[in-house]
Amino acid sequence: MGESITFWVLAIVSVIAALGLVFSRRAVYSALMLGVVMLSLAVLYAVQDAPFLAAVQIIVYTGAVMMLFLFVLMLVGVDSSDSLVETIRGQRFWAIVGGVGFAVLLGLGIGNAVVGSPKGLAAATQAGNVPSLAQLIFTRHVFAFEVTSALLITAALGAMVLAHRERTEAKPTQKDLSRQRFVTFGRTGKNPAPLPGPGTYARHNAIDMPALLPDGSVSPLSVNRYIARYEESQGILSPEVAQVLEQEEAALRANGHSTPTVAEEARDGGPDTEPMDEDGVVAVPVVRPRGESVRESLSEEDGK
Amino acid sequence: MTTHYLVLSALLFAIGGVGVLVRRNAIVVFMCVELMLNACNLAFVTFARQNGNLDGQLIAFFVMIVAAAEVVIGLAIIVTIFRTRRSASVDDASLLKY
Amino acid sequence: MEPAEIIQHSGGAIGAAWLMIALPLVGAAVLLLGGRRTDKFGHLLGVLMAVASFVVAALSFAQLLGFAPGERRRGIELYDFIPGLAKVGLLVDPLSISFCLLITFVGSLIHIYSIGYMAHDPNRRRFFAYLNLFVAAMLLLVLADNYVALFVGWEGVGLASYLLIGFWQHKPSAATAAKKAFIVNRVGDFGLLIGIFTIFATFHTLAFNDVLANASKASSGTLTAIGLLLLVGACGKSAQLPLQSWLLDAMEGPTPVSALIHAATMVTAGVYLIVRSGPIFQGAETAQLVVTIVGVATLLAGAIIGTAKDDIKKALAGSTMSQIGYMVLAAGIGPAGYAFAIAHLITHGFFKADMFLGAGSVMHAMNDEVDMRKYGALRKVMPLTFVTFLIGYLAIIGFPLLSGYFTKDGIIETAMEHNAVLGWLAVLGAGITGFYMSRLVFMTFFGTKRWEPTAHPHESPAVMTWPLIILSVGAIGLGAFLVLGNRFMTFLSPAVGAPEEMPSFHPFSLTGLVTLALVAVGAAFAWVKYGRAEVPAVAPRGSFLTAFARRDLYGDALNEALFMRPGQWLTRLAVFFDNRGVDGLVNGLAAGIGGTSGRLRRVQTGFVRSYALSIFLGAAILAGAWLVVGNL
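Values in this document were obtained by computation on a predicted structure and should not be read as measured data.

**A look at the overall build of chain A**
Item 1. Scanning chain A from N- to C-terminus turns up 11 helices and zero strands.
Item 2. Across chain A, helices and strands are ordered from the amino to the carboxyl terminus as α-α-α-α-α-α-α-α-α-α-α.
Item 3. Looking at the 304 residues of chain A, the share that counts as buried comes to 33%.
Item 4. Relative to all contacts within chain A whose residues are 6 or more apart in sequence, the contacts with residues 24 or more apart total 48%.

Structure below.
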C-alpha cells in the first residue's frame, strides 16, 4: 500500500517533470526538470529493493551529471531560450505520432511481458544489497567492470582533447603589450598610462566621484559615462562634471570624430567603466537583462 | 505492481524520444537522451525485482557508468561545436547533406 | 599417265633450291633494313640477287634434266613448320622449275629494265627491295611442297603487290588501287584458306604428295567443294571473273611492276594452283566445268575491255585478263590442257613482259603519258622499242610460227576437243585479240603525230632496250620450241600427268585456219579504223557497247551496288543500333539511376533530427512488429 502511494505520487511527478523537460523554453528549467525526474527515479529504485542504485543515481546523475549539464549550460548561455517555431516540415507531427505510438506499443509490449507476482530480491540479496552486487561485479562481471574503467579514462581524455583550445601564436608578454601601448600612443596620441582611479584628490572615494587634478579641476579621464548619464537624467549631475562633458562635446563637434574621446580611452582598461557604443558618443545606457548584451550571440535564436 | 513501473518506464522513454526529436538546443536534446537512459534503467531495476535476480540492477549500474562517460564526451563535443559556430542548435550543424 | 612419285633429294643445285627464295629475300631485307645507306648500290644488289636466283634455278634445271623422266620430282625437306601439321619442304619438279625459270629470268630482266626506268625516282632502292620481296614470295609459292607454305608465299605475293601498286603512294589513285588489289585478293585468299582447311579436314595432311595421291579416295562432293574454293583463291590472284576488278586499277603502279605482276608472277599463281591441284579437279567434274566457264568468260571479258581502253597500260591489262582466261580454260580441261596452259603461261610471260616494258619505254619517252590518243607515229622515233613491241604483238595475236601461235592454238584445239562451245568462244576471243592488239599498235606506232607539245620522244637507254630484245627473242621462238614434238608436255608429264594420247600439231587444221582468219579480220578492222583513219584526240562517245567496255563491263559498279552500298548501310545500321540501342540502353540506365538518386539525395537533409525521427519511427514499427509476431 505504501509502495503504491509512493509509486503513484512519483509517477505523476516524474511524468509531469519529463513533459516539463521537453516543453519548457528555457534550458535551465529543462535541466531542473530532469533533476526532478532523476530524484523521483532514485526513490523508485529504493522502493524496488535497489538502495545502492538509488544512491548511485543521486550521486552520479543528480550530482555529477546534472552539475556538468548546468556547467555547460552556463558556459553556453544560461539565459538562452528555444524558439518554439518548428523549421523542419512535419517533424513535430511525426515526432508526436512516433512518440505516442511508441509509448502505446512499448507499454503494451513490456506491460504484458510480466507474468505473475514479482519474486522479490530477498533470496538474491541475503548478504545485503551492496555486498551481493559487489560480489557479482567483482566475480562474474569483473572484466566488464575493468573495461568500464578504461572507458571512463578514455572519456576523460577525450573530453580534454575536445575542449582543449590550441594556441596558434605566442602569448604576448608584458613587454610586448607595453611596446604596443606606446606605438599606439605615438600614432594616435592615446594615453598609454593607466587611467586615474575615481576619487583621486576627491572628497569621497566613490565611483561616481570624478578624479581631481592637482589644480582642483575635474579630470575628464576619470568621468564614468554611465554614471554621468544616470546622474544627468536624475538631475543630480555635479556642475564640474557637466562642464567637462560640455567641453568634450564642443571639441567633438569641432574635430569630428578624429580625436580620441574619453569614452574610447575609457574602454581600454579604464577603471570600472562599462563598454560604450561604437561611435564614441556618450549614449544613454540601455537597460538590458544582465548578460544578454554579451551572450547575445550565444543564444539559440534561429537565423544566426 | 511491476507492470506499472514498466509502463511508467515506457512513458518516460517515449517522452524522452519526442524531446530528442522536437528540441533544437543540443544540451536539451542531450538531457532528453539521459531521460531515455533513465527510463531504461527503471525497466532494468523493475525486471530485477520481478525475476528475483540482481543482473538487472547490475546492468543499470553499467548503464550509469556508460551514461556518465557519454555525457562527458557529448558535452565536450557541444562545447567544441559551440566554440566554432557560436551556436548550440543541432539544426545549424547540417553541412553533411546533399 | 599418272604423275610420278616424289623422291627425297639432297645435294647439288636442287638441294640448294632454297637459295632461290633466300637470295631475293635477303636482298629485300638488306635494302629495307639498310635504309638510305644502301641507296647507292640498292638497285645493283636487287639485280644481283634476282640474277643469282636465276642462276640457282638454271643449275637446278640442269641437274633435274640429268635424272630419268620418272625421277624428276625431287622433294627437299627443310624443317618442321607446324609440328604434326606442316613440314616445310620444297618440291622441285618440272612444273615448279618451269615457273622458277620464268619468274627468275623474266624477273631479272625486269629488274635490269627498272634500273633505267626508275633512274630518277628518289625511292629506287625501296622499289628494288619490294621487287626482290615479290620474287621471293612468288618462288616460295611455286616451290612449296605443301599448301601452308604455298599460302605463305601466296600472302607474300599479295603483300608485295600491295606495296608495289601503291609505290607512288603520294597519288591518291595509286593508294586506292593498292588497297583495292589487297582487299579483292583477301576475298580470294579467304576462299583459298577455307579450301585448305577443307583439305586438312578431309586428308589430315597438307603436303601435296599425300593429298594429291589420295585425292581419288575422297568423295566427289568433297572434291568439288575443295576445287571450287581453290578456284575462288585462283580467281582472286589471277584476276578472273568475278574478282577481276583489281587488275585494271593495278596499273597505277610503276610499269615494271605491271610487267612483273602480269607476265612473270602474281597472275600466274592461280593457274599454278589449279594445275598443281590437278588430281583434285580431275575428281570433280563440276569444279572443272566451272573452271573452264570462268576461263572463257574472263577471256572474253578481258578482250572486250581491251578494245575500248585508250590507256595503253589498261589495254594491255585487259589483254592479260584475256590471256590468263585462256590458261585457266586450259587448266580446267585437265591433263590434256595442263601443258598448253603452262606453255602459254611461259610464252605469255615473255611477250607480255616484252610489251609491258615496251609500253613503259614509250611512256618513258612521252613524259609518262598513257593515253594512246596522244601517241602516234612513234615507230620512227623509237625503232628498237617498235620492233620488239611488234614481235610481242604478233606473238600474242598468234601470228604463224611465233610463240603465241603454237601455245594459244594448242589451247583452242584442246578446248575444241573438250567442248565445242568453249572452243568456238575461245576462237572468238582470239579474233577480238587480233582487233584490240592491232588497235593498240596502230594507235601507238602508226598514223600521225598526236603528241603533246611538250613531248620529245626518244629511244630508251640500252639498259631498258636490251631486256626488250631478249624478251622478244623468247617471244619469237619459245612457242615452237615448247610445243613442237610435244617437248614441253613430255617434260611436264611426270609432274602433272599427261593424256593417254599425245596431241599432234596440225599446222592447217580447220580450227587453226578459222582462228587465223578471224584474227586477220580483226586486225584489218583495226587498220581501217585506227591505222588508216585519223584517230580523234578525244575519245568519241561511242555506242553503249563501247561505254560498257570502257566501264570494265560495269564490274566496279556491280561490286559497288552489291557489296559496297549494302556494306555501308549495314555499317550505318550497326552504328545507329549502337548509338541508339546499346548506348541508349546503357545511357538510359545510367541517366535513370542518376535522376533517381538526384531526387533521392534530397532525403539527406543534413538535419540530425530528421535522421533521428526515421530511427525512432523505425524503432516504433519494430516494436509493433514484435508485438504482432509475439502475439500470433
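**Some details on the interface of chain C and chain B**
Item 1. At the interface, 11 residues of chain C touch 15 residues of chain B.
Item 2. Both sides together, the interface formed by chain C and chain B hides about 1100 Å², and carbon and sulfur atoms give 64% of it.
Item 3. The largest contributions to the chain C side of the interface with chain B come from C:Phe607, C:Arg609 and C:Phe616, which together make up 51% of the buried area.
Item 4. Taking the shortest distance from any N to any O, the salt bridge between C:Arg609 and B:Asp91 comes out at 2.7 Å.
Item 5. Summed over the shared surface of chain C and chain B, the number is three residue pairs in polar contact (both at pLDDT 80 or more).

**Regarding the interface of chain B and chain A**
Item 1. Listed per partner, the contact involves 68 residues of chain B and 92 residues of chain A.
Item 2. Roughly 7200 Å² is buried in total at the junction of chain B and chain A, and carbon and sulfur atoms are behind 73% of that figure.
Item 3. Area buried by chain B at its contact with chain A is led by B:Arg24, B:Met31 and B:Arg49, which between them contribute 10% of it.
Item 4. In this structure, the connection of chain B to chain A is made through two salt bridges.
Item 5. A salt bridge links A:Glu3 to B:Arg49, with the nearest nitrogen and oxygen atoms 2.8 Å apart.
Item 6. Applying the counting rule to chain B against chain A returns 14 residue pairs in polar contact (both at pLDDT 80 or more).
Item 7. Of all the secondary-structure elements, those providing two or more residues to the side of chain B that touches chain A are α1 (2–22), α2 (26–51) and α3 (55–85) of chain B.
Item 8. For the side of chain B that touches chain A, the leading source of residues is α3(B), giving 22 residues.
Item 9. Looking at the side of chain B that touches chain A, its residues break down into 46 nonpolar, 14 polar and eight charged.

**Some thoughts on a nonpolar patch on the surface**
Residue and element names in this part refer to chain C.
Item 1. On the surface, Trp-18, Leu-78, Tyr-79, Phe-81, Ile-82 and Val-152 cluster together into a nonpolar patch covering about 540 Å² of accessible area.
Item 2. Here the element with the most residues in the nonpolar patch is strand β2 (residues 74–82); it accounts for four residues.
Item 3. Classification of Val-152 by relative accessible area gives partly exposed; the value is 39%.

**Points about the UniProt feature "transmembrane region" (unreviewed entry) in chain B**
Item 1. The sites that carry the UniProt feature "transmembrane region" (unreviewed entry) are, in the present numbering, residues 6–22, 27–47 and 59–82 of chain B.
Item 2. Span residues 59–82 of chain B is 100% helix and 0% strand, its end C-alpha atoms 33 Å apart.

**Concerning helix α4 (residues 94–117) of chain C**
Item 1. Between its first and last C-alpha, α4(C) extends 33 Å over 24 residues, near the 34 Å set by a 1.5 Å rise per residue.
Item 2. For α4(C), a buried count of 22 out of 24 residues is recorded, marking the element as mostly surrounded by other parts of the structure.

Parameters and conventions
Residues numbered from 1 in each chain as written. Chains lettered and ligands numbered in written order. Predicted model: local features only at pLDDT ≥ 70, side-chain atom pairs only at ≥ 80, totals over all residues. Heavy atoms only, no water. Helix = DSSP H or I, 4+ residues; strand = E, 2+ residues; numbered from the N terminus. Buried < 20%, exposed > 50% of the residue type's maximum accessible area, 1.4 Å probe, protein only. Contact = heavy atoms within 4.5 Å. Buried area = accessible area lost by both parts, 1.4 Å probe. Salt bridge = Lys/Arg side-chain N within 4 Å of Asp/Glu carboxyl O. Polar contact = N/O pair within 3.5 Å; in protein donor to acceptor, adjacent residues only side chain to side chain. Nonpolar A, V, L, I, M, F, W, Y, C, P; charged D, E, K, R; others polar. Patch = residues over 30% accessible without salt bridge, like charges linked within 9 Å, V, L, I, M, F, W, Y side chains within 5 Å. Areas by Shrake-Rupley, 256 points an atom, 1.4 Å probe, with all protein chains shown as cover. UniProt positions renumbered as here; feature names shortened; annotations may be inferred. Expected span 1.5 Å × (residues − 1).

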